[in-house]
Amino acid sequence: MARNIFLVGPMGAGKTTLGRCLAKTLGRKFYDSDREIECRTGVSIPVIFEIEGEAGFRQRESKVIAELTQLNNIILATGGGVVLALENRQKIAQRGTVVYLYASPEQLYRRTAHDNSRPLLQTENPLERLKRLLKERDPLYREVADITIKTGERPIKAVANEVLRQLKRYGNVHGQKFSAIR
Ligand SMILES: Nc1ncnc2c1ncn2[C@@H]1O[C@H](COP(=O)(O)OP(=O)(O)O)[C@@H](O)[C@H]1O
Ligand SMILES: O=C(O)C1=C[C@@H](OP(=O)(O)O)[C@@H](O)[C@H](O)C1
Ligand SMILES: [Mg+2]
């Protein structure tokens, strides 16, 4: 039994932040597919996009997903575009419980506007880009998701507690001790 927890959702949904928080609470190892790619290449995501384009980045991402989904008991925060490739969707759906973190484009925009680490949002109109990406990808997130959580305006810890409640109901953290995050 893999007992992995995979977080999917758009840029700014809180996958990285929440994943780290959940891993700490559940005492599980945390991975982030973007950080993994950066560690392996020694450069940042924007530099990879600049040199290899989105296609090069997606190849690296699929390789990392193929490897990380083979592990057991991990929490994995994926990048927002992971669901674009069928092979990634299949691996994610088969090897763990998938949590889709949902937020509105306006919320995503507010959470991502302050940093320039996301090449796809370095455009004239990032809000429009987020709207378009969410429209395209929402069906793909829903296709792989076991649990969908609306993050809304709730703070990270409240969202984390909601995820924990759902996971418990779902059976992933069954028998495992965890204390609610205050
Ligand atoms: N529920 C939330 N409420 C307020 N801010 C949030 C929430 N979730 C994430 N954030 C903030 O949004 C930003 C993006 O979060 P991040 O975890 O990097 O998202 P992702 O990995 O899904 O792109 C961070 O600054 C984070 O602190
Ligand atoms: O949505 C996307 O296509 C991307 C999301 C990013 O990760 P986050 O979702 O963690 O921001 C990162 O993988 C890259 O910039 C591309
Ligand atoms: Mg992230």
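Residues numbered from 1 in each chain as written. Chains lettered and ligands numbered in written order. Predicted model: local features only at pLDDT ≥ 70, side-chain atom pairs only at ≥ 80, totals over all residues.

Draft legend 1. Looking closely at the UniProt feature "binding site: substrate" (unreviewed entry) in the protein. Following the UniProt record, one finds the feature "binding site: substrate" (unreviewed entry) at Asp34, Arg58, Gly80 and Arg137. Judged by the 24 C-beta atoms lying within 10 Å of it, Asp34 falls in the buried class. Residues in contact with Asp34, not counting those within four places in the same chain, are Ile45 and Gly79. Turning to its location among the elements, Gly80 is positioned in the loop between β3 (74–77) and α4 (86–95). Taking the number of C-beta atoms within 10 Å as the measure of exposure, Gly80 has 23 and is therefore buried. With residues near it in sequence (within four places) discarded, Gly80 still touches Gly9, Pro10 and Met11. (UniProt positions renumbered as here; feature names shortened; annotations may be inferred. Buried ≥ 20, exposed ≤ 12 C-beta atoms within 10 Å, placed from the backbone. Contact = placed C-beta atoms within 7 Å. Helix = DSSP H or I, 4+ residues; strand = E, 2+ residues; numbered from the N terminus.)

Draft legend 2. Summary view of the sheet that holds strand β1 (residues 4–8). In spatial order, the strands read β2-β3-β1-β4-β5; together these five strands make up an open sheet with parallel pairing. Strands with a single pairing partner mark the edges of an open sheet, and in this sheet they are β2 (29–32) and β5 (147–150). Mean inter-strand twist for the sheet, computed between neighbouring axes without regard to direction, equals 20°. By the bridge criterion, four bridges tie β2 to β3 in an arrangement that is parallel. From the neighbouring strand, Phe30 faces β3, where its bridge partner is Ile75. The sheet contacts of helix α2 (residues 33–41) involve β2 and β3, and relative to β2 the element is tilted by about 75°. Helix α7 (residues 156–170) rests against β1, β4 (96–102) and β5 of the sheet, and its axis sits at about 160° to β5. (Pairing = 2+ DSSP bridges. Axes fitted to C-alpha atoms, helices over the stretch in contact; angles between N-to-C directions.)

Draft legend 3. Representation of the site of ligand 2 within the structure. Surveying the vicinity of ligand 2 reveals the residues Met11, Lys15, Thr16, Asp34, Ile45, Gly79, Gly80, Gly81, Arg118, Pro119 and Leu120. Of the residues that constitute the shell around ligand 2, the class distribution is four nonpolar, four polar and three charged. (Near = placed C-beta within 6 Å. Nonpolar A, V, L, I, M, F, W, Y, C, P; charged D, E, K, R; others polar.)

Draft legend 4. Looking closely at the pairing of β4. With six of seven residues buried, β4 is to be regarded as a mostly interior element. Here five bridges tie β1 to β4, and the two strands are oriented parallel to one another. For Phe6, the partnering residue across the bridge sits in β4 and is Val98. As defined by bridge partners, β4 adjoins β5 across four bridges and the pair is classed as parallel. Within β5, the position partnered with Tyr100 by the bridge is Thr148.

Draft legend 5. How the structure looks around the UniProt feature "binding site: Mg(2+)" (unreviewed entry) in the protein. Summarizing the sequence annotation, UniProt attributes the feature "binding site: Mg(2+)" (unreviewed entry) to Thr16 in the numbering used throughout. The partly exposed category is assigned to Thr16, around which 18 C-beta atoms lie within 10 Å. Ignoring anything within four residues of it in the chain, the contact list for Thr16 reads Asp32 and Ala77.

Draft legend 6. View of the packing of helix α1 (residues 15–26) against α7. With their axes 10 Å apart at the nearest point, α1 and α7 run at an angle of 60° to one another. Between α1 and α7, the angle is such that the two are oblique. Crossing of α1 over α7 shows right-handed handedness. For the pair formed by α1 and α7, the contact residues are Thr17, Leu18, Cys21, Leu22 and Thr25 on the first element and Ile156, Val159, Ala160 and Val163 on the second. Looking at side-chain class alone, the contact of α1 with α7 contains seven nonpolar, two polar and no charged residues. (Parallel < 35°, antiparallel > 145°, perpendicular 65-115°, else oblique. Left-handed = near helix turned anticlockwise from the far one by under 90°.)

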